[in-house]
Amino acid sequence: MRRLLFAANWKMHLGPDEARAYLKTFRATYHRREDRDVWFFPPAVSLEAAAQAVRERTDLVVGVQDIHWEPKGAFTGAISAPLAAQAGAKAALVGHSERRHVFGETDEDTRRKVAAVLATPLQPVLCVGETLPEREAGHTLAVVHRQLAGALGRLDAAKLAHVTIAYEPVWAIGTGRNATPRDAGVVHREIRTWLAGRGAAPTAARVLYGGSVNAKNIAELLAEPQLDGVLVGGASLDPAAWAQLVQTAAA
Ligand code: PEP
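Heads up: these notes are all about the structure in this document.

Criteria and cut-off values
Residues numbered from 1 in each chain as written. Predicted model: local features only at pLDDT ≥ 70, side-chain atom pairs only at ≥ 80, totals over all residues. Heavy atoms only, no water. Helix = DSSP H or I, 4+ residues; strand = E, 2+ residues; numbered from the N terminus. Buried < 20%, exposed > 50% of the residue type's maximum accessible area, 1.4 Å probe, protein only. Near = heavy atom within 4 Å. Polar contact = N/O pair within 3.5 Å; in protein donor to acceptor, adjacent residues only side chain to side chain. Areas by Shrake-Rupley, 256 points an atom, 1.4 Å probe, with all protein chains shown as cover. Nonpolar A, V, L, I, M, F, W, Y, C, P; charged D, E, K, R; others polar. Pairing = 2+ DSSP bridges. Axes fitted to C-alpha atoms, helices over the stretch in contact; angles between N-to-C directions. Contact = heavy atoms within 4.5 Å. Expected span 1.5 Å × (residues − 1). Arc of directions from axis to C-beta. Left-handed = near helix turned anticlockwise from the far one by under 90°. Phe/Tyr/Trp six-rings, centres within 6.5 Å; stacked < 30°, edge-to-face > 60°. Lys NZ or Arg CZ within 6 Å of the ring centre and 35° of its normal. Parallel < 35°, antiparallel > 145°, perpendicular 65-115°, else oblique.

**Overview of the environment of P124**
Part 1: Topologically, P124 is positioned in strand 5 (residues 123-128).
Part 2: Residue classification places P124 among the buried positions, given a relative accessible area of 0%.
Part 3: When the C-alpha atoms of P124 and R177 are compared, they prove to be 26 Å apart, with 53 residues separating the residues in sequence.

Here it is in structure tokens:
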């Protein structure tokens, strides 16, 4: 049976007090289900507050939205995987579309970041996905291949099994326009084929979909067996609504 992962990317929202209040409501509203995990990606300033708020719930995990690849040093404004781990993070997003397209992160940056995360106990979540012009030009699979090869191409099968991959088409993030389950399924299948080509079991890594997931479209998305879960921005910001979605989706 698939163990579903519901990952909440809070982006630049919810400071420490708000994170504590959010997770209090979430804990009171969401009752643990054995068939799913829930991960939260707060902004770095709220990591410790969030990690403390979920410390008694092994089904709830806190992760960091971005890291620098160096473990420490003169990198003003950046945080590293070991520092995030000290604050209570157990996972790290790498290559989110906003990092790539707003902050200019390259495939080589994502390679270094995944390697840095894998050098710690944190679990990396690599985000991949095409822009609208790339999709319209028929380049979706080529872009996803390039991003996978760039970030993960040097990892062996054992390491690949620790990586979660989130397919997040850029045109679907924060736009209210989601990929159809069928279209997402095609890309997910391709990601598994890519993993298999590198000796990893196609089901070893969890493959998530992200891009305007909400309470209305979650059922049809998770009905697609290729999806192991979802990475959600906007619809994860209200704790009661997010708890309700996680509690009831694919029930
Ligand atoms: C995201 O931030 O990864 C995301 C998918 O955002 P949204 O759900 O708001 O589209």
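On we go from here.
**Re the site of the ligand**
Part 1: Close to the ligand lie 14 residues, the nearest being K11, E168, G174, S212 and G233.
Part 2: Between the ligand and G174, the relevant distance is 2.7 Å, taken from an oxygen atom to a main-chain nitrogen or oxygen of the residue.
Part 3: Calculation on the ligand without its partners gives an accessible area of 290 Å², and the protein chains cover 96% of this total.
Part 4: Class assignment for the residues of the shell around the ligand results in 4 nonpolar, 8 polar and 2 charged.

**Examining the sheet that holds strand 3 (residues 60-64)**
Part 1: Reading around the circumference, 1-2-3-4-5-6-7-8 is the order of the 8 strands in this closed barrel, with parallel pairing throughout. For this sheet, the mean inter-axis angle between neighbouring strands, taken without regard to orientation, is 25 degrees.
Part 2: Direction of pairing for strand 5 relative to strand 6 (residues 164-167): parallel, over a ladder of 4 bridges. Counterpart to L126 in the pairing with strand 6 is I165.
Part 3: Contacts between helix 7 (residues 140-152) and the sheet are confined to strand 5 and strand 6, with strand 5 contributing the most and set at about 150 degrees to the helix.

**Quick word on the pairing of strand 8 (residues 229-232)**
Part 1: The two faces of strand 8 match: G229 and L231 on one face and V230 and V232 on the other face are all buried.
Part 2: With 4 bridges joining them, strand 1 (residues 4-9) and strand 8 adopt parallel strand pairing. Within the sheet, the bridge partner assigned to A7 lies in strand 8 and is L231.
Part 3: With 2 bridges joining them, strand 7 (residues 207-210) and strand 8 adopt parallel strand pairing. Across the sheet, G210 pairs through a bridge with L231, a residue of strand 8.

**A short note on helix 7**
Part 1: Relative to the 18 Å expected for 13 residues at 1.5 Å per residue, helix 7 spans 18 Å between its end C-alpha atoms, a close match to the ideal helical length.
Part 2: Inspection of helix 7 places T140, V143, V144, Q147, L148, A151 and L152 among the buried residues, and these make up the whole buried set. The buried residues of helix 7 occupy an angular sector of 130 degrees when the element is viewed end-on, so they sit on one face.

**Notes on the packing of helix 7 against helix 9 (residues 181-197)**
Each pair of packed helices can be described by the angle between their axes along with the distance between the axes.
Part 1: At a minimum axis separation of 11 Å, helix 7 and helix 9 run at an interaxial angle of 40 degrees. Note on packing geometry: the crossing formed by helix 7 with helix 9 is right-handed. On the side of helix 7, the interface is formed by T140, L141, V144, H145, L148, A149 and L152, while helix 9 contributes V187, E190, I191 and W194.
Part 2: Classifying every residue of the contact of helix 7 with helix 9 gives 8 nonpolar, 2 polar and 1 charged.

**So, the packing of aromatic side chains**
Part 1: Applying the stated criterion across every chain yields a total of 7 aromatic pairs.
Part 2: Between F26 and Y30, the ring centres sit 5.3 Å apart and the planes meet at 35 degrees, which makes this aromatic pair tilted. For the pair shown, F26 and Y30 are each scored as buried.
Part 3: Taking the ring centre of F103 as reference, the NZ or CZ of R99 above it sits at 4.0 Å.
Part 4: We note R112 situated over the ring of W69; from NZ or CZ to the ring centre the distance is 4.4 Å.

**Details of the packing of helix 5 (residues 107-118) against helix 7**
Part 1: Across the interface, helix 5 lies against helix 7 with an axial gap of 7 Å and an inter-helix angle of 45 degrees. Judged by the angle between their axes, helix 5 and helix 7 are oblique. Where helix 5 crosses over helix 7, the handedness of that crossing is right-handed. Taken together, the residues of helix 7 that come into contact with helix 5 (itself represented by D107, T110, R111 and V114) are R146, Q147, G150, A151 and L152.

Function-wise, these values are silent; they only describe arrangement.
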